[in-house]
Amino acid sequence: MTHERATAGVNLAAIGRNVERAKARAGPEVAICAVVKGDGYGHGAAPVASAALAAGATRLAVSTAAEAADLRRAGIVAPILVMGPLSEAELELAVASRAEVVAWHRELVEQLTRRDAGTGTTGVHLHVDVGMGNVGLRDVGQARALASEITAKSGVTVAGVMTQLPDAGDPDDPSLEDRLRRFSELAGALREIEPGLIAHAENSPVLIRSPRARFDMVRVGDLLYGFDPFGADPAPHHLEPALTLTSRVASIRRLRPGDTAGYGGRFAAETATRIAVVPVGYGDGLRRCTRGAHVLVGGRRRAVVGAVAMDSLMVDLGDDGSARIGDPVVLIGRQGAERITAEELAGTMGAVNAELTCGLTARVRRVYHRDGERSA
Ligand SMILES: *Cc1c(COP(=O)(O)O)cnc(C)c1O
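Structure report, in brief.

Calculation rules
Residues numbered from 1 in each chain as written. Predicted model: local features only at pLDDT ≥ 70, side-chain atom pairs only at ≥ 80, totals over all residues. Heavy atoms only, no water. Pairing = 2+ DSSP bridges. Helix = DSSP H or I, 4+ residues; strand = E, 2+ residues; numbered from the N terminus. Core = buried A, V, L, I, M, F, W, Y, C linked by side-chain atoms within 4.5 Å. Buried < 20%, exposed > 50% of the residue type's maximum accessible area, 1.4 Å probe, protein only. Contact = heavy atoms within 4.5 Å. Salt bridge = Lys/Arg side-chain N within 4 Å of Asp/Glu carboxyl O. Axes fitted to C-alpha atoms, helices over the stretch in contact; angles between N-to-C directions. Parallel < 35°, antiparallel > 145°, perpendicular 65-115°, else oblique. Left-handed = near helix turned anticlockwise from the far one by under 90°. Nonpolar A, V, L, I, M, F, W, Y, C, P; charged D, E, K, R; others polar. Near = heavy atom within 4 Å. Polar contact = N/O pair within 3.5 Å; in protein donor to acceptor, adjacent residues only side chain to side chain. Areas by Shrake-Rupley, 256 points an atom, 1.4 Å probe, with all protein chains shown as cover. Phe/Tyr/Trp six-rings, centres within 6.5 Å; stacked < 30°, edge-to-face > 60°.

### Brief notes about the pairing of strand β16 (residues 300–305)
With four bridges connecting them, strand β15 (residues 294–297) and β16 associate as antiparallel partners. Residue pairing for β16: V297 is matched across the bridge by R300. Hairpin geometry of β15 and β16 is characterised by an intervening segment of two residues between the two adjacent antiparallel strands and by a positive phi of about 60° at G298. Relative to strand β17 (residues 313–318), β16 is paired through two bridges, and the arrangement is antiparallel. Counted as the bridge partner of V305 is M314 from β17.

Here it is as structure tokens:
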């Protein structure tokens, strides 16, 4: 792979294998919905969606209507669910993009039915609340009333019932088991009104903690990208990170003891050392303040020193005189026997994995490949 100033390599074959792993974990009867919001967690929504669908995912989910429209423009025909709240204009765009939408109140249903008939039928997924407390219908009666209202109207249908489960249990909260049971009851009650609906609740952390998926579909984001939903190491969960972040050595400077480097002389050499300038910085999505970050140069871990600048960072090469200008530098990925995960780099920035990759700017070129072979 070429090393421009900063490149994000995205291995679509790894995405495919992660879909297969999610499928094996969920069980043969359970559909995989690939969550590609936030431009596919920064990996690129359309290429990730295509790779996930080719590997057995059958549905896609995004957060906004514009994200659904972008996928349609990219030629993707699979069902798309827009999960976020929608303004009236956004609802129009979602419907025009032949996406399904999520509802937890009557307004959206009214907006949908106020539209001209003859624009096809829009599938609505009812969002029920089993304790997250953010959005959702809270009781069976309310949910049944809305479902009945929808089924009585034309141009709109109940396509699913969903909930969002919290990642980590608050000790005062009912347990995950209680929430799943509650969701199951709500889904059962709605299925009496619309037998064909799909029930879905589990996301990556819940699927990882459960031996099997329990409903008709799982919505997976982290698992798709090979991220550890708990922010640690994805390897023990048999997940394969799809994204690498690489740069190169742009210049090397020798420092004598006491020499300083970086803005404001934030780094002072204690012994004679070599400092490499690597042309990737917070303008590419890193953070000015990183604590204890490392990169890989020549197959070895090297400390990032001083503050990260907008366009570059500095790496202490120690007394190793073998590094050369142009040498590849790995910020996320493997080099030799060493490995740096997105979780590790994100941790040094006070962020989580997806927060880091969502924040990679347009200046970082995305290069798509399948196990090293470039794809279009
Ligand atoms: C983002 C999102 C997901 C995916 O979550 P992961 O933990 O990344 O698998 C699932 N459901 C909803 C409603 C989401 O917003």
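We are not done yet, so read on.
### Observations regarding the nonpolar core
Residues L126 and L286 are the most contacted members of the largest nonpolar core, which totals 113 residues. With six residues, the top contributor of residues to this core is helix α1 (residues 12–26). Once residues within four sequence positions are removed from consideration, L126 is found in contact with A103, L137, A143, L146, A147, I150, V158, G160, V161, M162 and L190. Ranked by size, the runner-up nonpolar core spans seven residues in total, among them L255, A261, V305 and M314.

### Looking at the pattern of salt bridges
Per the counting criterion, the structure on display carries 22 salt bridges. E240 is the partner of R17 in a salt bridge, and the nearest nitrogen-oxygen pair spans 2.7 Å. Taken as a pair, R17 in helix α1 and E240 in the loop between α10 (222–225) and β10 (243–248) lie far apart in primary sequence, 223 residues in all. Looking at R17, the relative accessible area reads 27%, which means it is partly exposed. Between R301 and E344 there is a salt bridge, with its nearest N and O atoms 2.9 Å apart. You can see R301 sitting in strand β16 and its partner E344 sitting in helix α11 (residues 342–348), a full 43 residues away along the chain. Using a relative accessible area of 32% as the deciding quantity, one classes R301 as partly exposed. In this structure E344 comes out as partly exposed when scored by relative accessible area, which is 26%. One continuous salt-bridge network, built from bridges that share partners, spans R5, D284, D311 and R363.

### Re the packing of α1 against helix α3 (residues 45–54)
Interaxial distance between α1 and α3 falls to 8 Å at its minimum, and their mutual angle equals 45°. When the axis of α1 is compared with that of α3, the two are oblique. Seen along the crossing, α1 lies across α3 with a hand that is right-handed. Touching L12, I15, G16 and V19 of α1 are P47, V48, A51 and A52, all from α3. Across the contact of α1 with α3, the residue classes tally to seven nonpolar, one polar and no charged.

### Things to note about the site of the ligand
Taken together, the residues surrounding the ligand are V35, K37, Y41, M83, Q164, N203, S204, P205, R219, V220, G221 and D222. Separating an oxygen atom of the ligand from a side-chain N or O atom of S204 is a distance of 2.5 Å. Within the contact set of the ligand, an oxygen atom lies 2.8 Å away from a backbone nitrogen or oxygen of D222. Out of a free accessible area of 390 Å², the ligand has 88% covered by protein chains. Listing elements by their share of the shell around the ligand, those giving two or more residues are α2 (37–41), α9 (204–209) and β9 (217–220). When its residues are assigned to classes, the shell around the ligand shows five nonpolar, four polar and three charged.

### What about the packing of aromatic side chains?
In this structure the tally under the stated criterion is three aromatic pairs. Between Y41 and Y225 the ring centres are 4.5 Å apart and the planes differ by 25°, which places this aromatic pair in the stacked class. A residue pair is termed long-range when its members are at least 10 positions apart, and Y41 in helix α2 and Y225 in helix α10 qualify at 184 residues. Judged on exposure class, the residue Y41 and its partner Y225 are both buried.

### A closer look at the pairing of strand β3 (residues 59–62)
With burial as the criterion, each face of β3 is covered, one bearing R59 and A61 and the other bearing L60 and V62. Two elements, strand β2 (residues 31–35) and β3, share three bridges in a ladder whose sense is parallel. Note that in β3 the partner of V35 across the bridge is A61. Both β3 and strand β4 (residues 80–82) contribute to a ladder of three bridges, which runs parallel. What sits directly across from V62, in β4, is V82.

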